[in-house]
Amino acid sequence: MLSVKSLVLKPLTTSNMIVALTITKFRTRSIIFGFIGMAILRIPLFLNKKCKFWKLMGSGKDAQVDLPPDFKHWAILTTWNDKASCDEFYSKSFTIKWFRFFGFEELTILLKPLSSHGLWSGKQPFIFDKSNQIHTGKIAVITRAAIHLNKVKDFRNNIKRAAKSMREAPGYLLSAGVGENPYLDQATFSIWEDAESMKNYAYKSFDHSDVIKLTRERKWYSEELFARFAIVESQGSLNGQSIN
């Protein structure tokens, strides 16, 4: 059984919104319970009125960005108006107990939104304080897109080089590919040493800049979102890698 110590949250000075992302690796013999969880865990999440937004997601192979689906890694993203509600969810909820019972490795990261543009399932899930976007230290980024069915092949042929250049970029620390659908709904979660490293990759990397250009020209997405976060707390590891 996976055992993770209770998270201790640092005080937030502005907006109290907490975004929590957990990626759990299931044992091979427990993969079926990953699939079952994606179905039945929707019920308690739907009924939890303190949870403002949630997504149950699968991942790419070994939780990477540019590879086929991996049925060992499963993820949950939630948002909360205050840290007390998030604490209660992680200490008492059936959802988190399910993940920890069947998993043997977990990475949980608590985030404070700094900026967010676009929509996720028709909603803007991340509330941030526009007057306080200056941040020093590690930066987390979520990019998410809903891909047109007839654009999937073209998208996948091009996204591989952007993912490869990301992992080789100065200041890159960790990334994971997750999504509600293995091919049509894709989200990339990445962590950087600082905002400057993230911006250098986003705007100066040829492969990434070229993919962004192609995105606009070929209209791959029906919906997209880009959000930046300060890291409030992290616990555990992903494929043996921790950000602490």
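Residues numbered from 1 in each chain as written. Predicted model: local features only at pLDDT ≥ 70, side-chain atom pairs only at ≥ 80, totals over all residues. Heavy atoms only, no water.

(A) Summary view of the packing of helix H5 (residues 152-167) against helix H7 (residues 206-218). Put simply, H5 and H7 touch, their axes get as near as 8 Å, and they point 155 degrees apart. With respect to their mutual orientation, H5 and H7 come out roughly antiparallel. Handedness of the H5/H7 crossing: left-handed. Each of Asp-154, Asn-158, Ile-159, Arg-161, Ala-162 and Ser-165 in H5 lies in contact with H7, whose residues at this interface are Phe-206, Asp-207, His-208, Asp-210, Val-211, Leu-214 and Arg-218. Of the residues that constitute the contact of H5 with H7, the class distribution is 5 nonpolar, 3 polar and 5 charged. (Axes fitted to C-alpha atoms, helices over the stretch in contact; angles between N-to-C directions. Helix = DSSP H or I, 4+ residues; strand = E, 2+ residues; numbered from the N terminus. Parallel < 35°, antiparallel > 145°, perpendicular 65-115°, else oblique. Left-handed = near helix turned anticlockwise from the far one by under 90°. Contact = heavy atoms within 4.5 Å. Nonpolar A, V, L, I, M, F, W, Y, C, P; charged D, E, K, R; others polar.)

(B) Fine view of the environment of Ala-169. In this structure, Ala-169 sits in the loop between H5 and strand E6 (172-181). By relative accessible area, Ala-169 is classed as buried at 14%. Sequence spacing of Ala-169 and Ala-202 is 33 residues, and the spatial spacing of their C-alpha atoms is 10.0 Å. Here Ala-169 is in contact with Trp-192 and Tyr-201, once residues within four sequence places are set aside. (Buried < 20%, exposed > 50% of the residue type's maximum accessible area, 1.4 Å probe, protein only.)

(C) Focus on the nonpolar core. In terms of nonpolar packing, the biggest core is built from 29 residues, with Leu-77, Trp-120, Phe-126 and Ile-191 touching the most fellow members. Elements with a minimum of two residues in this core: strand E1 (18-26), strand E2 (51-60), strand E3 (69-80), strand E4 (103-118), strand E5 (139-147), E6, strand E7 (185-192) and strand E8 (221-236). If near-sequence neighbours (up to four positions away) are discounted, Ile-191 is found in contact with Ile-109, Ile-139, Ala-140, Gly-171, Tyr-172, Leu-173, Leu-174, Ile-231 and Ile-243. (Core = buried A, V, L, I, M, F, W, Y, C linked by side-chain atoms within 4.5 Å.)

Function cannot be read off these values alone, since they describe shape.
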